[in-house]
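# Commentary on secondary and tertiary structure
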Amino acid sequence: MQQTSLTKDDIENMYTAFKEEIPLFMAFSDNERLRLFLHIMQNGTHGISVKEVSSLSHLSRPAVSHHLKVLKDSGLISARKEGTKIFYSVDRQGHLTKLKENLAILESGFAKMDMETLQENSGKIANLLENLEK
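A brief structural summary.

About the cut-offs
- Residues numbered from 1 in each chain as written.
- Predicted model: local features only at pLDDT ≥ 70, side-chain atom pairs only at ≥ 80, totals over all residues.
- Heavy atoms only, no water.
- Helix = DSSP H or I, 4+ residues; strand = E, 2+ residues; numbered from the N terminus.
- Buried < 20%, exposed > 50% of the residue type's maximum accessible area, 1.4 Å probe, protein only.
- Contact = heavy atoms within 4.5 Å.
- Core = buried A, V, L, I, M, F, W, Y, C linked by side-chain atoms within 4.5 Å.
- Pairing = 2+ DSSP bridges.
- Axes fitted to C-alpha atoms, helices over the stretch in contact; angles between N-to-C directions.

Broken down by element type, the chain carries 8 helices and 3 strands. Beginning at the N terminus, the succession of helices and strands in the chain can be written as α-α-α-β-α-α-β-β-α-α-α. Considering the chain as a whole, with its 134 residues, one finds that 32% of them fall into the buried category. When contacts within the chain are restricted to residue pairs at least 6 apart in sequence, long-range pairs at least 24 apart make up 65% of them.

In structure tokens form, the structure reads like this:
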């Protein structure tokens, strides 16, 4: 497949896609959070209580609660209350759907990359990215 040059729109779309995934990257940047997420995923749609999650970890209950909050704030898990217990499960309709969309944007952009052209236009790209931050 012959590579084409990235357009301004491609770069803006890739920037936005990466930026939208920062909470996910942060959530998975901690090994213990990743382990907790996988335990939650393993429990399917019924979910798992904080007490059960805590028993699977060497961390204190407050530390587990913190990690669950980070996962929830990132959109990876959702909480459901039953009586006095809260059950966490993977939010399949939440952020995971958006992640697929963003990965498709990134994949499309990477496929268009022509390293020679990117190097020649690195100044223009840097200015574009700088303006996106404002």
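Membership of the largest hydrophobic core comes to 16 residues, with the highest contact counts inside it found for I40, L68, L71, L76 and I77. Formed by 7 residues, the second largest nonpolar core is a distinct cluster that contains I11, A17, M113 and L128.

Glancing now at the sheet that holds strand 3 (residues 85-90). An order of 1-3-2 is seen for the 3 strands of this open sheet, with the pairing classed as antiparallel. For this open sheet the edge positions go to strand 1 (48-49) and strand 2 (77-82), each flanked by a neighbour on one side alone. As defined by bridge partners, strand 2 adjoins strand 3 across 6 bridges and the pair is classed as antiparallel. Note on strand 3: the bridge partner recorded for S78 is S89. Contacts from helix 3 (residues 31-42) reach strand 1, strand 2 and strand 3 within the one sheet, and its direction differs from that of strand 3 by about 95°.

Keep in mind these numbers describe shape, not what the thing actually does.
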